[in-house]
Structure formats: structure tokens, C-alpha cells
Amino acid sequence: LSAFPVRGFRASPSVASGFHVNASHRPAPGNDETTLFDFTPENYERVSKILGRYPANYKQGAIIPLLDLAQRQCGGWLPLAAINKVAKTVDQEPMAVYEVVTFYTMFNREPVGKYFIQLCGTTPCMICGSEEIKQTIEKHLGIHEGETTADGLFTLREVECMGTCANAPMVQINDDYYECLTPKTMIELLDLCKAGKPPKMGRWGSLPMNGQVSCEGPLGKTSLFEAPAKAGKLMRADFDQLERKCNPADVKRHMGY
């Protein structure tokens, strides 16, 4: 036996957060063991295509895309019945899917608004004014981070890096990135969404709100003025046509969005 006294372990008190919801399921009206869920006929076709990407003995590889499909069908969140349906579809125990849902913050286990705002608060965005953008959203909508407006239109959550540091600060609303924000343009964006007219994405799949193109700096394009090299060895034969073929709307349709 050790000559030193053994101290008991004590867990530190948990800190509630508007974004990191509890891992355990909390029954609620429309989200309990009596709630039913099934994919629509159209989504069953998508389920077949998704499962077709994986060998029959690796169906579990489809868990994330099937959860995403179910979440979209449910309006942006996953009731317990939808999670269980995915588990049955991939021949897994429900716990295997619960583990995925509670690990990835892209999955919501509580209802969210029609416009789900994810505000990046990581260092580059914070330095460029994300706190001011957050305060602007909260004041304009009358909610705090982690809450949904009374009309069900907006939910605000602060998240970690969204990968668009060059155009900080930014928010993701549903699937779309709105970048280079100021308090003024953030209010304009919220008002357009409230009117049911969210701005369309730019050519490159995002929308800097200051008028710039993609991630060009304030001086505009300063390099790469020459035409790209022609397709050569070890390059795709259709390389020269790739730019014309890239259409964000077509990409979304192809991915089932």
C-alpha cells in the first residue's frame, strides 16, 4: 500500500453553454420516444445513392451524410427518432450514432431558427471585430448567443474557426458564408433575411459584404494576372474548362443540398 494518503477525485462543476448542449437526451414535445420519423420518398433515393458509396460491410461510413440528410429534412435539427432511423439504416446500434451526433457540432439536437447563424469567434475573426458583430446581432434581434428569436426566424451560436480567416469577420447562415462584415452590413444582412431575401452567393460560393471578389485584398487583385498554364502532363485533360464548369448552385444540387 502507498504510504501517501489517497485523495478522492472530484469533477469540476460543468459550465452551461448556449452552443454545447448537454450530451444526454432531454425529452421534449415532438422529441421523445413516441416521436416518429421516416425519410421522404425523395430522400430515400438519396439514401440509396449515399449507401452506394460504401461497401456493404462498411455501411457505418454513411452515418454522417445520412445524419445531414435527416437534419435537413427536419428543418435543421435531429430529433431522437431521426437518429434512431439512421442507426437502423446502417445496421448499427443507436449508441454508435449517438456518439457521432454528440461529437460533431454540425448536428443540432434542438430546433433552430429558419436562419441558423453561426458566428466565428476564433482569433482572426475576434481580432477583426467578431465581438462587435456578435453584439450587433444580439442587439438587433433581441437575443443572446445560443437563443432563438420568438418568431423562430433566427438562432445565433458562436463557433470555432470556419476556415475563412482572410475575410474575417464572418458568419455562416445555413449553408452560406457571409464575409468581411461590419455592424452596418450585418444589420443589412439580417434585414434581408427577415424579408425572405437573403443575398445570393458570389461566383466562388461565398459573399464578401464589402464588394470585394473572393479573398482579394482592399487593393483588389495584385498578382496572378497571367493566363493559367495550359493542361499538360499529370494534369486533367479538361483543366482549361474547370473554371467555367464550377457553379456553386450546381455543386449544392449535386451534393443533395
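Above this text you will find the structure in question.
Structural notes, computed from the coordinates. Going along each chain's sequence as written, the residues are numbered from 1 onward. For this predicted model, a pLDDT threshold of at least 70 governs which residues receive local features, and a threshold of 80 or more governs which side-chain atom pairs are given and counted, while totals over whole chains, interfaces and linings are taken from all residues. To obtain the side-chain values, all non-hydrogen atoms of the structure were included, while hydrogens and water were left out.

Segments assigned H or I by DSSP are reported as helices when at least four residues long, segments assigned E as strands when at least two residues long, and all are numbered from the N terminus. Helix and strand counts for the protein come out as nine helices and five strands. Along its sequence from the N terminus, the protein presents helices and strands in the succession α-α-α-α-β-α-α-β-β-β-α-β-α-α. Exposure is judged per residue with a 1.4 Å probe applied to protein chains only, and the accessible area is read against the type maximum: over 50% gives exposed, under 20% gives buried, and values in between give partly exposed. Taken across its 257 residues, the protein has 34% of its residues classed as buried. Contacts: residue pairs with any heavy atoms within 4.5 Å of one another. Partitioning the intrachain contacts of the protein with sequence separation of at least 6 by distance along the chain shows that 62% fall at a separation of at least 24. Surface accessibility follows the Shrake-Rupley procedure with a 1.4 Å probe radius. Residue values consider only the protein chains on display as shielding. Total accessible area computed for the protein in this model is approximately 16,800 Å², and 57% of it derives from carbon and sulfur atoms.

Here, a strand pair is defined by DSSP locating no fewer than two bridges between the strands. The five strands are arranged β2-β1-β3-β4-β5 in an open sheet whose pairing can be described as mixed. Taken across any chain shown, the strands that pair with only one partner, and hence form the sheet edges, are β2 (154-159) and β5 (206-208). Between one strand and the next, the sheet's axes are offset by a mean angle of 20°, whatever the strand orientation. Relative to β5, strand β4 (residues 176-179) is paired through three bridges, and the arrangement is parallel. Note that in β5 the partner of Y177 across the bridge is S206. The sheet contacts of helix α7 (residues 183-194) involve β1 (115-120), β2, β3 (171-173) and β4, and relative to β3 the element is tilted by about 5°. Between the N-to-C directions of two axes lies an angle of 0 to 180 degrees, each axis being a line fitted to C-alpha atoms and, for a helix, fitted only over the stretch in contact.

For salt bridges, the criterion is a side-chain nitrogen of Lys or Arg within 4 Å of an Asp or Glu carboxyl oxygen. The full count for this structure, using the stated rule, is seven salt bridges. Residues K184 and E188 are paired through a salt bridge, measuring 2.6 Å at the closest nitrogen-oxygen approach. Residue K184 and its partner E188 are both found in helix α7; the two are separated by four residues, about one turn of the helix. According to the relative accessible area criterion, K184 is exposed, its value standing at 57%. Residue E188 is classed as partly exposed on the basis of its relative accessible area, which comes to 35%. Connected through salt bridges with shared partners, the residues D68, R72 and D175 form a single ionic network.

This next bit is on the pairing of β4. For β3 and β4, the ladder comprises three bridges, and the chain directions are antiparallel. Counted as the bridge partner of Q172 is Y177 from β4. What sits between the antiparallel neighbours β3 and β4 is a turn of two residues, in which N174 has the positive phi angle 55°. A crossover gets the label right-handed when its path from the first strand over the helix to the second runs clockwise, viewed with the strands pointing away from the viewer. Between the parallel elements β4 and β5, the chain passes through α7 in a crossover that is left-handed.

Positionally, T122 belongs in the loop between β1 and α5 (123-127). The exposure class assigned to T122 is buried, which follows from its relative accessible area of 19%. Counting of polar contacts relies on pairs of N or O atoms within 3.5 Å, with two restrictions inside protein: one atom must be capable of donating a hydrogen and the other of accepting it, and residues adjacent in sequence are counted only when both atoms are side-chain atoms. Of note is the side chain of T122, whose polar atom sits 2.8 Å from the backbone nitrogen of C161.

On to the side chain of T149. One can find T149 in the loop between α6 (130-141) and β2. Residue classification places T149 among the buried residues on the basis of a relative accessible area of 10%. Here the side chain of T149 touches D151 through a polar contact of 2.6 Å, side chain to side chain. Residues in contact with T149, not counting those within four places in the same chain, are L141, I143 and F154.

The next subject is the packing of aromatic side chains. A pair of aromatic rings is counted whenever rings of Phe, Tyr or Trp (Trp by its six-membered ring) have centres within 6.5 Å, and the orientation is called stacked for planes under 30 degrees apart, edge-to-face for over 60 and tilted otherwise. Applying the stated criterion across every chain yields a total of four aromatic pairs. Ring centres 5.3 Å apart and planes at 80° place the aromatic pair F37 and F39 in the edge-to-face group. When sorted by exposure, F37 lands in the same class as F39, which is buried. By way of ring pairs, the aromatic residues F37, F39 and Y44 are connected into one cluster.

Buried residues dominate β2, accounting for five of its six residues. Taken together, the six bridges between β1 and β2 define a ladder with parallel strand orientation. In the sheet register, Y115 faces β2, and the bridge partner there is F154.

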